[in-house]
Amino acid sequence: MDGSRSFSREDKGVSPVIGVMLMIVVTVILAAAVSSFSGSISQKDTIPQATFRISASYSEQSITIEHLGGDPIIEDFVKFEITSGRPKMSNYVERENVTFYSSSSSAFAPSVLGPGNVAKISFETEDTDKHADIARQWIYIGTPFQVSIVDRETDQAIYSTQIVMQP
């Protein structure tokens, strides 16, 4: 009987070690599965980063947007927002009122606003009281208003600035 006692004592010592090892293996496998799943979830791309110079001319009936540097902006992926008045009201410019122009040295297609390229927003003017109708907003000469370039996918502003309508 003494031999069977020593055999059962060895069994008791091995069983907890095997149990702990199995728990560690299961934990590692679960951690790998969670890590793999969370890594495969795609996140939205970040919005383009760029710098612009924007001006508005009543006599030329246009807002000029010059791309000074940064990421290229693709025409189909942006919209232009005009904000003015008190209380602030905003609206988006109709796509047919926006034209992209590429410079002669530009490596970008005409529908891409890259460094050195220009976009123009055209608008109607009213001579009787000197205001422009831009995106259904009445903008008067000398009045400040805000122009924003907005990413269509995320609806976040790529660039926004306040300008004044020049004569």
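First, a word on scope: everything that follows refers to the structure included in this document. (Residues numbered from 1 in each chain as written. Predicted model: local features only at pLDDT ≥ 70, side-chain atom pairs only at ≥ 80, totals over all residues. Heavy atoms only, no water.)

Let's talk about the overall build of the chain
Inference 1: When its secondary structure is counted, the chain shows 1 helix and 13 strands.
Inference 2: Each helix (α) and strand (β) of the chain, taken in turn from the N terminus, gives the series α-β-β-β-β-β-β-β-β-β-β-β-β-β.
Inference 3: The buried share among the 167 residues of the chain stands at 28%.
Inference 4: When contacts within the chain are restricted to residue pairs at least 6 apart in sequence, long-range pairs at least 24 apart make up 54% of them.
Inference 5: When the accessible surface of the chain is summed, it comes to about 11,000 Å², and 56% of that surface belongs to carbon and sulfur atoms. (Helix = DSSP H or I, 4+ residues; strand = E, 2+ residues; numbered from the N terminus. Buried < 20%, exposed > 50% of the residue type's maximum accessible area, 1.4 Å probe, protein only. Contact = heavy atoms within 4.5 Å. Areas by Shrake-Rupley, 256 points an atom, 1.4 Å probe, with all protein chains shown as cover.)

Some words on the sheet that holds strand β1 (residues 50–57)
Inference 1: The strand order β5-β4-β12-β13-β1-β2-β8-β6 describes an open sheet built from 8 strands, whose pairing is mixed. Every other strand in the sheet has two partners, leaving β5 (89–92) and β6 (98–101) as the edge strands with one partner each. Put simply, the sheet's adjacent strands are angled 25° from each other on average, direction ignored.
Inference 2: Where strand β4 (residues 78–84) meets strand β12 (residues 144–151), 6 bridges bridge the pair, whose relative direction is antiparallel. By the bridge assignment for β12, Thr83 is matched with Gln146. (Pairing = 2+ DSSP bridges. Axes fitted to C-alpha atoms, helices over the stretch in contact; angles between N-to-C directions.)

Some details on the pairing of β6
Inference 1: Taking every second residue as pointing to the same face, the buried face of β6 carries Val98 and Phe100, while none of Thr99 and Tyr101 on the other face is buried.
Inference 2: Of the strand pairs in this sheet, β6 and strand β8 (residues 118–122) are connected by 4 bridges, and their pairing is antiparallel. Across the sheet, residue Val98 finds its bridge partner in β8, namely Ile121.

Remarks on the sheet that holds strand β10 (residues 131–134)
Inference 1: Spatially, β9-β10-β11 is the arrangement adopted by the 3 strands of the open sheet, whose pairing is antiparallel. Looking at strand neighbours, the two that pair on one side only are β9 (124–126) and β11 (137–140), the edges of this open sheet. The average undirected angle you get between the axes of adjacent strands in this sheet is 30°.
Inference 2: Across 4 bridges, the pairing between β10 and β11 is antiparallel. By the bridge assignment, Ile134 is partnered in β11 with Gln137.

With respect to the pattern of salt bridges
Inference 1: A full pass over the atoms with the stated rule returns 4 salt bridges.
Inference 2: Taking the shortest distance from any N to any O, the salt bridge between Arg95 and Asp76 comes out at 2.5 Å. Linking Arg95 in the loop between β5 and β6 with Asp76 in the loop between β3 (73–74) and β4, this pair joins segments that are 19 residues apart in sequence. (Salt bridge = Lys/Arg side-chain N within 4 Å of Asp/Glu carboxyl O.)

Re unusual backbone geometry
Inference 1: Backbone torsion omega between Arg86 and Pro87 reads -5°, so that peptide bond is classified as cis.
Inference 2: Among the secondary structure elements, Pro87 is positioned in the loop between β4 and β5.
Inference 3: In this model, Arg136 sits at a positive phi of 60°, which is unusual for a non-glycine residue.
Inference 4: Along the polypeptide, Arg136 turns up in the loop between β10 and β11.
Inference 5: Its identity as a non-glycine residue notwithstanding, Asp155 has a phi of 60°, on the positive side.
Inference 6: With respect to the helices and strands, the residue Asp155 is situated in the loop between β12 and β13 (157–166).
Inference 7: The partly exposed category is assigned to Asp155, whose relative accessible area is 47%.

Take it as geometry only, folks, not as evidence of what the structure does.
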